[in-house]
Amino acid sequence: FGCGAEEASSREMRLLTHNLLINPMKGFEQAFPLKLIPTKITKEEVKFNAAFVVHLLPKIDYKVLLYAASTVGIKNLPAELPRPIDASQHEDLLKALHHTLLEIHVEEGKLVCPKSEREFPIKQGIPNMRLNEDEV
């Protein structure tokens with residue numbers, strides 16, 4: 001699928017990325033989702049592709065997306081997704097999801113594990129998930 005996401009800068013962490021991240025520390029892999037604390041966000045337009053968004057939806061945790069969206073001030077997504085989603089019937093919803101997943105970038109902030117409280121900084125759009133020697 002050509003989503004147009006390649007047109008956007010690849011250095012910023014999208015909310016789609018947050019939806020896939022876990023704590024890499026042994027024993028905390030199930031500590032999901034990581035708490036998102038953004039301190040700087042940007043928006044970058046990406047060409048809309050309804051089919052790509054429909055393709056993404058089964059791969060994401062929608063409740064986690066709602067949480068992440070709320071941390072960046074997005075409040076217009078429904079509490080639950082309609083089933084099935086049809087591109088011709090749900091274009092406005094798909095555009096809102098496209099914007100939330102692909103056009104919002106977290107440039108600065110941190111991710112926090114809900115169980116260990118370990119913080120992972122986000123700098124210049126890159127989440128640093130590297131562990132210290134004593135955490136491996």
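Look up a bit, the structure's there.
Residues numbered from 1 in each chain as written. Predicted model: local features only at pLDDT ≥ 70, side-chain atom pairs only at ≥ 80, totals over all residues. Heavy atoms only, no water.

Our focus in this paragraph is the overall build of the chain. Along the backbone of the chain there are 4 helices and 5 strands. Starting at the N terminus, the α and β elements of the chain follow one another as β-α-β-α-α-α-β-β-β. Here the C-alpha atoms of the chain give a radius of gyration of 15 Å, agreeing with the 14 Å that 2.2 N^0.38 yields for 136 residues. Overall, the C-alpha framework of the chain stretches about 50 × 30 × 25 Å when taken along its three principal axes. Buried positions account for 43% of the 136 residues belonging to the chain. Residue pairs in contact within the chain that sit at least 24 positions apart in sequence constitute 69% of those at least 6 positions apart. When the accessible surface of the chain is summed, it comes to about 7800 Å², and 50% of that surface belongs to carbon and sulfur atoms. Distance from the positive charge centre (17 side chains) to the negative charge centre (19 side chains) of the chain: 3 Å. (Helix = DSSP H or I, 4+ residues; strand = E, 2+ residues; numbered from the N terminus. Rg over C-alpha atoms; globule rule 2.2 N^0.38 Å. Buried < 20%, exposed > 50% of the residue type's maximum accessible area, 1.4 Å probe, protein only. Contact = heavy atoms within 4.5 Å. Areas by Shrake-Rupley, 256 points an atom, 1.4 Å probe, with all protein chains shown as cover. Lys, Arg positive; Asp, Glu negative; His and termini not counted. Charge placed at Lys NZ, Arg CZ, Asp CG, Glu CD.)

Let us look at the pairing of strand β4 (residues 119-123). Every regular strand shows the same layout, with side chains that alternate between the two sheet faces. In β4, alternate side chains face the same way, and those of Phe120 and Ile122 are buried while those of Glu119, Pro121 and Lys123 on the opposite face are not. Two strands pair when backbone bridges link them, and strand β3 (residues 104-112) and β4 are joined in this way by 4 bridges, in the antiparallel orientation. Following the sheet pairing, Leu111 is matched in β4 by Phe120. Taken together, β3 and the strand that follows it, β4, pair antiparallel across an intervening segment of 6 residues, in which Glu117 is found at a positive phi of about 65°. Here 2 bridges tie β4 to strand β5 (residues 126-127), and the two strands are oriented antiparallel to one another. The partner of Ile122 across the bridge, within β5, is Pro127. Here β4 folds back onto β5 in antiparallel fashion, the turn holding 2 residues, of which Gln124 has a positive phi close to 50°. (Pairing = 2+ DSSP bridges.)

Under the defined criterion, the tally for this structure stands at 3 salt bridges. With a shortest N-O distance of 3.3 Å, Glu91 and Lys95 are connected by a salt bridge. Taken together, the residues span about one helical turn, with Glu91 and Lys95 both in helix α4 (residues 91-103) at a distance of 4 residues. According to the relative accessible area criterion, Glu91 is partly exposed, its value standing at 37%. Among the ionic pairs, Glu119 bridges to Lys110, the shortest N-O distance being 3.2 Å. Looking at Glu119, the relative accessible area reads 41%, which means it is partly exposed. For Lys110, a relative accessible area of 27% translates into the label partly exposed. (Salt bridge = Lys/Arg side-chain N within 4 Å of Asp/Glu carboxyl O.)

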